[in-house]
Amino acid sequence: MKWDDVALVILAASGCLTLLLTQVSEVLSRLPQIIRAWRRVRDELSGGTGPGPEEPSGPGGGQDEA
């Protein structure tokens, strides 16, 4: 194995590692959105008894009353 081959293997491995870390970072940054979407799906499948994303919960509906 020549030094050129070693250098190419190192470059390829670092490129693959960078790509993998970038993809993991993207998935982790979107994880809260994925969890919220999954909860909405579960709520809809169970009959939609919980408040929707547009409907604020709590007394007064979360709106300012004038």
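Quick caveat, the model's predicted, so the values are computed rather than measured.

Asker: I'd like a rundown of the overall build of the protein chain, residues and numbers included.
Answerer: From N to C terminus, the protein chain includes one helix and zero strands. Counting the 66 residues in the protein chain, one finds 0% classified as buried. Accessible area for the protein chain stands at about 6200 Å²; split by element, carbon and sulfur atoms hold 61% of it.

Asker: Can you lay out the pattern of salt bridges for me, pointing to particular residues and giving the numbers?
Answerer: Between side chains of opposite charge, a pair can form when the charged atoms approach closely. Tallied over the entire structure, the rule returns one salt bridge. Here Arg30 and Glu26 are joined by a salt bridge, their closest N and O atoms 3.5 Å apart. Of this pair, Arg30 and Glu26 both sit in helix H1 (residues 3–45), four residues apart, which is roughly one turn of that helix. Note on Glu26: relative accessible area 36%, which makes it partly exposed.

Asker: With reference to specific residues and values, describe H1.
Answerer: Look at H1: 59 Å from first C-alpha to last across 43 residues, which is about the 63 Å you get at 1.5 Å a residue. Of the residues one or two after H1, Gly47 is the one with positive phi, at around 115°.

Asker: Tell me about a nonpolar patch on the surface, and name the residues and values.
Answerer: Where nonpolar side chains cluster on the molecular surface, the patch consists of Leu17, Leu20, Leu21, Val24, Leu28, Leu31, Ile34 and Ile35 and spans about 720 Å² of accessible area. Here Leu21 is to be found in helix H1.

Parameters at a glance
Residues numbered from 1 in each chain as written. Predicted model: local features only at pLDDT ≥ 70, side-chain atom pairs only at ≥ 80, totals over all residues. Heavy atoms only, no water. Helix = DSSP H or I, 4+ residues; strand = E, 2+ residues; numbered from the N terminus. Buried < 20%, exposed > 50% of the residue type's maximum accessible area, 1.4 Å probe, protein only. Areas by Shrake-Rupley, 256 points an atom, 1.4 Å probe, with all protein chains shown as cover. Salt bridge = Lys/Arg side-chain N within 4 Å of Asp/Glu carboxyl O. Expected span 1.5 Å × (residues − 1). Patch = residues over 30% accessible without salt bridge, like charges linked within 9 Å, V, L, I, M, F, W, Y side chains within 5 Å.

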